[in-house]
Amino acid sequence: MAANADGLSAAGIAQAVASRSMSALSATEAALARISKHDPVLNAFTDVTADRARAKARAVDALIASGKDAGPLAGVPFAVKNLFDVKGLATRAGSKINRALPPASRDATLIERLEAAGAVLVGALNMGEYAYDFTGENVHDGPSRNPHDPTRMSGGSSGGSGSAVGGGLVPLALGSDTNGSIRVPSSFCGIFGLKPTYGRLSRARSFPFVASLDHLGPFARRVADLALAYDAMQGPDADDAACTTRPVEPVAPLLSQGIGGLRIAIAGGYFQNNIFPEAQEAVARVAKALGATTAVELPEAARARAAAYIITATEGASLHLDRLRKRPNDFDPAVRDRLIAGAMIPAPFVDKAQKFRRWYRAQVVELFKSVDVIVAPATPCVAPKLGQATFVLDGVEMPVRANIGIHTQPISFIGLPVVAVPVPLEPMPIGVQIIAAPWREDVALRVAHALERGGVVAAPPPRGL
């Protein structure tokens, strides 16, 4: 068993473990060693579940030794944002308050499904408090740091997930995306991320933020790994009322179909404003590689973002009212103040936002009758410096924290599937959104795979480690 897990993809590790050229235990030990070496810089992990991981890896090796199939992710180390329930750990969701919760009695559904496919959980990851964050900065656990420049943000709120995969600590991680929290860390950390269609993957036993906007999904350094993880996690789940009853629709076998015949457009109007030159360059490279020359305009995208803010603030505030009353001083002040403001938004505003949401979704779905894929920037800029409060967009100084998601919010607002793809610019990578129609994750992943095979997008080696 001479193969070395360092630098291997999830698919590569699974193949090596299945062929017995590598043990699941050695792949796990390699991941634990990388975490021990590099996490003091990245601060991606809040918990390392080493004993559990070794036990699972030994079980995988025993299955293979007995001649049985250990699953498509056999021996693949992965980690999860700490809003996922992990049996034996309190589900902190980036907060101080939740640390007093009793340990979870069962894993989140998506952890169970990945481990059923042979993957090995190695820990829980840092995140913005209660997922109300785009920066990756946490006042309780410290910021997760960018693997290409540790003085920069990892992005949020799934910052630890982006940092751990971007830094090569694990080949797979899970995060959540309400307004952009998978796509923003993917962009800043230079990795691939999948925000599936709303309701596609179960959210059971994860700590919520905004139930009508929350999605869970994977991060990886390669598109094939995203597809493997996504396929393993699909399926109905009665424990999440929003989870679709659609059958499993595997995407991994479809990646090699290519993109011939797909109608690909660039998001115009709103999505071509409020971006730095690096975001323009990234979209231009992707569009050129795909032969995309036509632009489509998502109607009233700015209003969609405003409506997303209203729904986020009000639903988030409702969830946390009791904690706000009892333990206001144990919140990050910036999060607390936004939640208090959300609690005071008049009901007619919320009603109007929800009515607009239905109209906007219908309009955008109509667009997908004439196009299959829409390309848009993921973030307006590369990762800002940690602690940076403002940046200048279109000549106006604006708050960083609130505006990093300016191009992601109008998409998650109506639950469209998106693959964030990394364009490896120098000195920092930046992401582009590949947006598809509802339930067409396969199309977005095929486009991402074609771009990766063409060398246009790639997860660069971590430059800051």
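Reading the values: the criteria
Residues numbered from 1 in each chain as written. Predicted model: local features only at pLDDT ≥ 70, side-chain atom pairs only at ≥ 80, totals over all residues. Heavy atoms only, no water. Helix = DSSP H or I, 4+ residues; strand = E, 2+ residues; numbered from the N terminus. Expected span 1.5 Å × (residues − 1). Bend = angle between axes of the 7 residues up to and from the residue. Buried < 20%, exposed > 50% of the residue type's maximum accessible area, 1.4 Å probe, protein only. Pairing = 2+ DSSP bridges. Phe/Tyr/Trp six-rings, centres within 6.5 Å; stacked < 30°, edge-to-face > 60°.

Undergrad: Lay out helix α2 (residues 24–42) with the relevant residues and their values.
TA: Given a rise of 1.5 Å per residue, 19 residues ought to cover 27 Å, and the 25 Å separating the end C-alpha atoms of α2 matches this to within 8%. Of all the bends in α2, the greatest reaches close to 35° and is centred on S36; the proline P40 follows between one and four positions later. Those residues of α2 that fall on the buried side of the exposure criterion are A24, A27, T28, A30, A31, L32, R34, I35, H38, D39 and L42. Positioned one or two residues after α2, N43 has a phi angle of 55°, which is positive.

Undergrad: Quick one: what's the story with the pairing of strand β14 (residues 418–423), residue by residue and with numbers?
TA: Here β14 lies mainly inside the structure; six of its six residues are buried. On β14, burial covers both faces: V418, A420 and P422 on one face and V419, V421 and V423 on the other are all buried. With three bridges connecting them, strand β7 (residues 192–195) and β14 associate as antiparallel partners. Each bridged residue has a counterpart across the sheet, and for G193 the counterpart in β14 is A420. Taken together, β14 and the strand that follows it, strand β15 (residues 430–436), pair antiparallel across an intervening segment of six residues.

Undergrad: Kindly report on the packing of aromatic side chains, identifying the contributing residues and their values.
TA: What describes a pair of aromatic rings is the distance from one ring centre to the other and the angle between the planes of the rings. This model, assessed by the stated rule, comprises nine aromatic pairs. Aromatic side chains F356 and W359 sit 5.7 Å apart centroid to centroid with 35° between the ring planes, which places their arrangement in the tilted category. Note that F356 and W359 are positioned in helix α11 (residues 347–367) at a spacing of three residues, about one turn of the helix. Classification of F356 as buried rests on a relative accessible area of 7%.

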